[in-house]
Every structure is written in C-alpha cells, then in structure tokens.
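Here are the chains, one letter per residue:
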Amino acid sequence: MHSLARWSIVAGIAVVLCACEMSQANFSQYPGFAAYFAAHPRAANLPTPGEQTLLRRYLPRYFLASGQPGPVDFYADYIAHGELRDEAGRLVSQQVTREILNAFKSNPGAVFTYRPQRGPTQPRAYGRIDKETVTVPTEAGPAAESFTFLTYNLVFAVSGLPAGLAPWKDALVRLFASPEDWHQLDHYISATIALDAWLSPVAVTLQQHNHMHTFLLGADIPLPADCRILLEVAIRSNELYPHADGRMKHRAVPMPDPATMRYLMSGERRPVLAADDLTDNHIEVAPVLAFLRPEDAFYSFQGFLGERRWPRQRDGPPGADYNTLPALKPKAMQMLAYYWRDGNPEDLARFDRTWGAGRGPVAFAQAQAPVFFGERRRIGSDRNACSATGAPSFEE
C-alpha cells in the first residue's frame, strides 16, 4: 500500500481513538442519574456487623501477574497524594482529606489530580451491600424473591489500555499518551456476588471496562469449598476475569453497543477498537476488606477523581456509583443484562432480537431472565454448602 494511503488510515484510526475534543461534561451529569439517586437515596450508614461478616465470608481471592502493580487504599494511598481544585480551577487543597473531598462531592466541575508516589501501599477491597426484590419467572408465574448483592471494589492509582493491544495500535497510542497510564484512578474494578433468599451465592457480575459479564456459580465458574471465588486482575487495564491457569487472552472493547457486545459474546466480526486483556496468575494479593458509607465521595463524587487529560477518554472518573448507565443501575438489571454464555447460539439469537435490534440492554435482560433462573434451578443453587443463613442478622 502506498505510504500516504497507509498513514491516512492510521491517522483516521487515531482520530477515532482520540475523539479529539475535551468534553466539559462529567459522566455523573448524564441524563437519568439525578432522578435515579433521588428515587434511591444513598445510605448514610456503614454495613452492620452482620453485613460485614457476610461480606468477609464471600470476599474473592485476587491474583496478579508478576510485577503487576496492585490495589491501593483510596484515601491513604491516592487521595492523600494530590490536589483538589474547584470548577473554576481555584486550588482548594494540596493536602486533601476525606472530609475535604466529601465537602466537594456534589460539584461536577471539581478536579482531583494525583501526584504519583513511590513506596509501600495498603491494598484494600471496599465492600458494600445492596438488597433488591427480584421478579423471578417460575412455572407458576412471576414470583418476588429477595436478593442480596455483595459488591467488592478494588482501587488502582492508574488504569492502562489492554495489554493485548495490537503492536501497531500500541505504537500509535504512544505518539500522544502512555498506554500504561491512560487515566488516573481505577475504582470501578468490581465483583458483585448475588445471594438468593437463603443467602446462597448464585452468580457473580464482573465489571470489565464499560461493560460487565455475569457468571453463574457452579455452572460457568466453580464455587470453591471456602466459598471465595478466584479472580484475576488483567495486566495494565486492571479488569477482573475468572481464574484460569496460565496466561490467558480475553476479548475487550471500550464501550458496549450492539456491535461490540455481539463480538464479546461470539468472537465474530472483531471491531477496529477491540483489543485483548491479558491475565497471568502468578501472585495472590490479599486486600484488607474496608467499608465506606454509600454516600461517601468514593461512591458519590460528581467531579473528576483524576487528572483531566486529552483526549477526553483519559479524564479521571467520577465516583464508583457512576459505573454504568442509569437504566442499568439496579444490581439485578446488571446481573441479567450481562448474562450470556460464550458463543451460545440461543443467547446470541435473543441478543439479535433485542439489544442487537436496537431495543437496548433492558430488553435483553428481560429475555435472558427465564434462561438465567432456569439454569439456576438446574444446578440446584437454592441451598448449597456456602449458604450463609447461619450468619448474623442484617439487623444487628
């Protein structure tokens, strides 16, 4: 190919990768969030002692590749090492505390900028509990069932692009940015374990980039004897995947839409911006389980919790509550909308009739619900060896 034509294509892809304008809006201001959180106010209390016991019981085990940076403490290792500015760019503090950050959590223009540090860090996993009533399809008709969702967030000071990015794409990115330090702060690294009415673990939903993937426990991934599922942290991007022996590739895309989601489900018609996450389980990291109030800035900060960078995809994120679209905020909706089995033709057919036909992820969730709960009944998960019905009461 003529060099001019070749570089024209490269330049065009660079524009797509960059989305070359600095957005002034924060994702926290996306239409629907204000209404959702008005209808579902964030709790002002920490998990009860009984809830904390439940969270400790199911805390996942995490594995990293050799030399891979590990998780940190959000306040002690990240927020304590940076500065906060208000929406006008005025300096608020160069010694930011939890109290200062929380005082500005409702300011969508506030910007925290991290100053990279060297030295030991304190790995933490932040645990919270949400409870929802879920409509479960049964042979006798729809039935209401109480579900408990345990969510564990890891925190990384920086997030990179997938380590399996094609060499030419990696080289292109390096012309204007670091693929190892794409943006500051990665606190959307989450695993949500769904417990049924008997407090038995049913499924886990893993956040992966801007999409998720749900796995039925005991069917899609094993449930260990100690009830703590094994997860791997992807090299450079920090995303979570089920444990597997050796170096593994995982399909990854930047944003979920009909084309990218179908690729994730099937491996067919690879999009230009797709890449591969890489995992290589060598070292187990044991984060200490910590608890923050759901109203804390960690979850609710509306500004930028990392440096603002060009292009806009490199801006620091808002709080961990802004991990998906408002319509998908209910934990049960996330669980069902992102439940599929790799390459399963029936799942793909339902996707093509719903999300793939422009009807959106909620329609796909509704189509997958009978399949999800049917599989759950098939593997007999109403009660299992990990049932926590003997755990202390939530009301403690």
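About the criteria used
Residues numbered from 1 in each chain as written. Predicted model: local features only at pLDDT ≥ 70, side-chain atom pairs only at ≥ 80, totals over all residues. Heavy atoms only, no water. Core = buried A, V, L, I, M, F, W, Y, C linked by side-chain atoms within 4.5 Å. Buried < 20%, exposed > 50% of the residue type's maximum accessible area, 1.4 Å probe, protein only. Helix = DSSP H or I, 4+ residues; strand = E, 2+ residues; numbered from the N terminus. Contact = heavy atoms within 4.5 Å. Pairing = 2+ DSSP bridges. Axes fitted to C-alpha atoms, helices over the stretch in contact; angles between N-to-C directions.

A. Up close: the nonpolar core. Ranked by internal contacts, the top residues of the largest apolar core, which has 32 residues, are Phe147, Met261, Met335, Leu336, Tyr338, Phe372 and Phe373. Of all the elements in the fold, those that place two or more residues in this core are β5 (124–136), β6 (143–159), β8 (201–208), β9 (211–216), α7 (258–266), α9 (331–337), α10 (345–353) and α11 (360–378). For this core, the element with the highest residue contribution is α11, accounting for 6 residues. Setting aside anything within four residues of it in sequence, one finds Leu336 in contact with Ala365, Gln368, Ala369, Phe372 and Phe373.

B. Structural detail: the sheet that holds β6. Read across the sheet, 6 strands follow the order β9-β8-β7-β6-β5-β15 without closing on themselves; strand pairing throughout is mixed. With one partner strand each, in any of the chains shown, β9 and β15 (288–290) form the two edges of the open sheet. Ignoring strand direction, the axes of neighbouring strands in this sheet form an average angle of 30°. For β5 and β6, the ladder comprises 12 bridges, and the chain directions are antiparallel. The partner of Val134 across the bridge, within β6, is Glu145.

C. Here's a closer look at the pairing of β6. Within β6, 13 of the 17 residues are buried, leaving the element largely enclosed by the surrounding structure. Counting the residues in the hairpin turn of β5 and β6 gives 6 residues, including Gly141, whose phi is positive at 115°. Bridging between β6 and strand β7 (residues 183–195) involves 10 bridges; their strand directions are antiparallel. Among the inter-strand pairings, Phe149 is bridged to a residue of β7, identified as Ala194.

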